[in-house]
Amino acid sequence: MEDLIRNLLAELGEDPTREGLLNTPKRVEKALRFLTSGYDADVDHVLNGALFTVEYSEMVIVKDIDFYSLCEHHLLPFFGKCHVAYIPSTKVIGLSKIPRLVDVFSRRLQVQERMTNQIAQTILEKTSPLGVAVVVEATHLCMSMRGVQKQNSFAVTSAMLGSFRANARTRMEFLELIKLRSSISGLREPSAAGMACIDEE
Ligand SMILES: [Zn+2]
């Protein structure tokens, strides 16, 4: 990868041998390996020993989870907050594991909509809850830095499954508790959002 980065620097019109750039290929490789380390993460390993059988069926919420990801269209960062809620039926996840789960799916090349769905689907599969809700609010540097669609460089996506989909009161309780920075009047379905990162040049 270091050779590729050196070539990239040269293609950009830089001199890869100048002092400030000498160690850049090594640093870039290290950074990229970390930022995509979610590919090597195993969900079962992350959750290992943290699934508990309990009699509890109230809403569990973990909000304001910071995440950083890379948009797969431009390899530029998008980042923000992820809010997760679920209503257990028989199993709960150790609370500290939910941010780890977010890391698994954010540390890859992503689109915001897919990341939102993957987090929700994983909690659904691993705990068979009555419902799962995931809301992601993110700023996309591929849009704000390039000056395109500035008004949409902040995007909100959601995945509502089970009782969060079926029951408007449950959904509103969750949305009220996380109090989105953005207006939530027209919360979009992940599949319909499509605007999180424009898939153009
Ligand atoms: Zn992008």
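The structure under discussion appears in the preceding block.
### Considering the packing of helix α1 (residues 2-11) against helix α2 (residues 24-35)
1) Next: At a minimum axis distance of 8 Å, the contact between α1 and α2 shows a crossing angle of 120°. For the pair α1 and α2, the sense of crossing is right-handed. Seen from α1, the contacting residues are E2, I5, R6 and L9; seen from α2, they are T24, P25, K26, V28 and E29.
2) Next: Along the lines of polarity and charge, the residues of the contact of α1 with α2 split into four nonpolar, one polar and four charged.

### Some words on the pairing of strand β3 (residues 77-87)
1) Next: Burial analysis of β3 places eight of its 11 residues in the buried class, which makes it a mostly covered element.
2) Next: Bridge analysis of strand β2 (residues 60-71) against β3 gives nine bridges, and the strand direction is antiparallel. Within the sheet, the bridge partner assigned to V62 lies in β3 and is V84.
3) Next: Taking the residues between adjacent antiparallel strands as the criterion, β2 and β3 are bridged by five residues, where L75 takes a positive phi near 55°.

### A short note on the side chain of T157
1) Next: As for its placement among the helices and strands, T157 is situated in strand β7 (residues 154-162).
2) Next: By relative accessible area, T157 is classed as buried at 0%.
3) Next: A distance of 3.0 Å separates the side chain of T157 from the side chain of Q112, its partner in a polar contact.

Rules of the game
Residues numbered from 1 in each chain as written. Predicted model: local features only at pLDDT ≥ 70, side-chain atom pairs only at ≥ 80, totals over all residues. Heavy atoms only, no water. Axes fitted to C-alpha atoms, helices over the stretch in contact; angles between N-to-C directions. Helix = DSSP H or I, 4+ residues; strand = E, 2+ residues; numbered from the N terminus. Left-handed = near helix turned anticlockwise from the far one by under 90°. Contact = heavy atoms within 4.5 Å. Nonpolar A, V, L, I, M, F, W, Y, C, P; charged D, E, K, R; others polar. Buried < 20%, exposed > 50% of the residue type's maximum accessible area, 1.4 Å probe, protein only. Pairing = 2+ DSSP bridges. Polar contact = N/O pair within 3.5 Å; in protein donor to acceptor, adjacent residues only side chain to side chain.

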